[in-house]
Amino acid sequence: MTISYKWLSEYLPAGQAGLPVTVEPERLSRILTSIGLEVESMTNYEEVKGGLKGLIIGEVLTTEKHPNADKLTLTTVNIGNGTPLNIVCGAPNVATGQKVLVAPVGTTIYPVSGDPITMAERKIRGSESQGMICAEDEIGLGASHAGIMVLSTDAQVGTAAAEYFQLYDDIVYEIGLTPNRMDAMSHWGVARDVCAYLSHHDKKELKPRLPNSFGFKVDNTSLTIDVKVENEKACPRYSGVSIANVSIKESPKWLQQKIKSIGLRPINNIVDITNFIQHETGQPLHAFDADKITGKKIVVKNLPEGTPFITLDEKERKLSADDLMICDAKEGMCIAGVFGGIHSGVTEHTKNIFLESAFFDGITLRKSSFRHGLRTDAASRFEKGTDISATVNVLKRAASLIKELCGGEIASELIDIYPNPKPKTEVAVKWHYIKKLSGKNYHPDTVKNILVSLGFEILKEGIDELRVAVPYHKPDISLPADIVEEIVRIDGLDNIEIPEAISITPAVEENYKKEILREKVAGYLVGQGFNEMMTNSITNAAHYSEEEQQSMVKMLNSLSAELNILRSSLFETALEVAAHNLNHKNNSLRLFEFGKAYSSNGPGNYNETENLCIIISGNKNEDHWKQKNTASDFYWLKGTVDAILKVLGVTPDSVEKMEVPKLDNHVVYKLNNQIIAGAGEVKKKVLEKSGIKQPVYFAGLNWELLVAAASEQSVKIKELPKYPSVQRDIAMIVSKELSWELVKQTVQKIRLDKLQDIKLFDIFESEKLGANKKSIAINLTFLDEEKTLTDKEIDGWMNKIMTALEKDLQAEIRK
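Quick notes on the rules
- Residues numbered from 1 in each chain as written.
- Predicted model: local features only at pLDDT ≥ 70, side-chain atom pairs only at ≥ 80, totals over all residues.
- Heavy atoms only, no water.
- Pairing = 2+ DSSP bridges.
- Helix = DSSP H or I, 4+ residues; strand = E, 2+ residues; numbered from the N terminus.
- Axes fitted to C-alpha atoms, helices over the stretch in contact; angles between N-to-C directions.
- Parallel < 35°, antiparallel > 145°, perpendicular 65-115°, else oblique.
- Contact = heavy atoms within 4.5 Å.
- 1 Å grid on protein atoms, 1.4 Å probe; cavity = no way out; pocket = protein on both sides within 12 Å on 5 of 7 lines; lining within 4 Å.
- Points joined across faces, edges and corners; volume = space filled by probe spheres on them.
- Nonpolar A, V, L, I, M, F, W, Y, C, P; charged D, E, K, R; others polar.
- Polar contact = N/O pair within 3.5 Å; in protein donor to acceptor, adjacent residues only side chain to side chain.

Asks: How should I be thinking about the pairing of strand β21 (residues 332–335) in this particular structure?
Replies: Strand residues, when the strand is regular, have side chains that alternate between the two faces of the sheet. Examined bridge by bridge, strand β20 (residues 324–327) and β21 share three bridges and lie antiparallel to one another. When the sheet's bridge partners are listed, I326 is paired in β21 with C334. If you look at the hairpin formed by β20 and β21, you'll find four residues sitting between the two strands. In this structure, the hairpin formed by β21 and strand β22 (residues 339–340) is closed by a connection of three residues, where G337 is found at a positive phi of approximately 70°.

In structure tokens, the structure reads:
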């Protein structure tokens, strides 16, 4: 929400000599933040960038053609300091006697496009130039570059340009509004809060100045429009009035300056007035071209599903049966409170208008707004809730202003369809509850004064409680806690007292195992030198093929074209992080993330799973005087995955190779016929698409399955073995394609109770071993916790193992 300091100050109450109460900009910023309207930024606004500082009105005294350039003119210009300036000018329209804008040496100008330029004395084609005679686009006053800007003959030589043009400057606040604060979505609403704060802290009764609507008067009834509301639930109140014989033209300067200061673009006087009133009062308005209202009839209703409707942006949209429409006797004219139709708006040819001020149901409008991707200022206000009691007063204010600035006459009675007047919400709050929730013992008079200054009505004051009627401009207030919030807010959120002791009730969680395991794994990874990353679940559909997108969740109303789909795995977003880091010369990466992935089995059938991903690239360690750096590889990644499973106490049933589109050498870990993890090297073509030039390794773990498996494990403690273990090695020649996993499974299949561990400790490849052969060496550990093992027992087990290896794997045991 953007607030203008000067505009806001106009609604502050009169002080001495009838002038508005002055609140310094810095103090106002502190007040706004203190009352819950957090000031996110406070910036100086200039109508023209640079404020025309240094520019002076001058008079062209002489002109003559440049001797060395056909399109240049030598001029002398009087700027009122007694010494004329010699300026070389390239404009075709420069002439003697003109009053012009001059940028002397040292002045910085700010063109409409391009960088600022500081004037310096220099020679142009051999002739000295002591500044510049300016065109309007060169100083930010317009877009024309047809020639220099020629001023009226009564302009005084030597006058500062900023003084001559009376440029508007201001201070602009960006306020971070919470969704419930619709009452502060206007300058007058913010002024009401500021006055409540000042009344409380300065001990004065101050009320904001009301925008004037007292000049409203019906001139005739020559342009009566019949209005009917069919859907009273979506439109509880509808007000309107006709204004005839208006003149569509540019808005006066003061109006343009105000709306430009808050970032709006002036269009014409009617549209600018509706925008001005919206930001002044918070009530959106809509002006229809009355001559285009067929049958001089307006009907507020819903149209059939799929009805085509062309909006102001010239796009045809298919309406939903739930969209509330403003229609004439023939067709829809406007999506109520959201966006106008192509023929409903005011143009330069408009002579008569019908001005609408209504209250629409926020939920209905929000759904229509998102359904059609139309996010407008009006829709954002209606969906948060507007003041249902203000529609008529705001309408009178706007109609009076239109009559004043656009001419014309009020040509109908004011229409106000309000069949079921809404009662004010009543809330009762206990005095002790105020103290308990705020932590502060407020005097009853203080509480009442704060609430009355915000528009609350005191209904009943008792010994134990206070009953109030909530003003219509605060539709979010319905609970005693809301009342306490209002009191604390105006007292100042930074004035909340800190107690000497805080009493809390410890929470008892039932499903805490998941978080403990997460913390455990994260701690392990950080200890291994990994960094945790956090990425957006919404990503770019361009990362996925059309086939992949079939089972993904697409965004209906995406924030941007690059964020339009929910990720189906953590791979793509992790790769984006890797690419970003590598592009910034962070070449050694060890990253992990806990995040969610999404999938769809059809409309309305969505799945959400939590995953853990690991991504590594570059070197495992940096160069050191004692050791050289070592490049990361697939086996380091796989070892990390193995270690995580061990930390969780999960033992997979198998580890198998599996081909996937984006990873090479991909292996999966299975438990109970479900894939619990996978790891591999990212394919080069995938890396090239992301602009990555070095190997990257990725692992993904199904965190939900792992937590379920780990939760079934129990920690068992046993004493250290009394008897020593025995280790034996076996070296064998096997097929080059044989995997270590198959060797391991072959040994485990024998089911030797005393075999405690099996490890691969050497791989050797050489042509001397034979074609497509390799030598591997494994280490076996045996242990009997009841006695010392004998050589005879161990030799028997070793023979069984070697026989199995020879038979099942065609291994050649090396003696």
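Asks: What should I look at first to understand the packing of helix α13 (residues 513–527) against helix α18 (residues 703–711) in this one?
Replies: What describes two packed helices is the angle between their axes and the distance between those same axes. Contact pair α13 / α18: the axes reach a minimum separation of 10 Å and the direction vectors enclose 105°. The angle between the axes of α13 and α18 places the two elements in the roughly perpendicular class. Taking contact as the criterion, the partners of K513, K514, L517, R518 and V521 in α13 are, on α18, W703, V707, A710 and S711.

Asks: Quick question: what am I supposed to make of the layout of surface pockets here?
Replies: Counted as a void, the largest pocket has a volume near 2,000 Å³. Lining the largest pocket are 39 residues, and of these K638, D642, W740, E741 and K744 sit closest to its centre. Of all elements in the fold, only α16 (634–648), β37 (654–657), β38 (663–671), α19 (740–748), β42 (755–764) and β43 (773–782) reach the threshold of two or more residues within the lining of the largest pocket. The dominant element in the lining of the largest pocket, judged by the number of residues it contributes, is α16, at eight residues. Tallied by class, residues from the lining of the largest pocket come to 16 nonpolar, nine polar and 14 charged.

Asks: Explain the side chain of R237 to me, please; I cannot follow it from the model alone.
Replies: Here R237 lies in strand β15 (residues 237–244). Of note is the side chain of R237, whose polar atom sits 2.8 Å from the side chain of D416. Apart from residues lying up to four places away in sequence, R237 is in contact with A358, F359, I388, S389, T391, V392, D416, I417 and Y418.

Coordinates in, geometry out; function isn't part of it.
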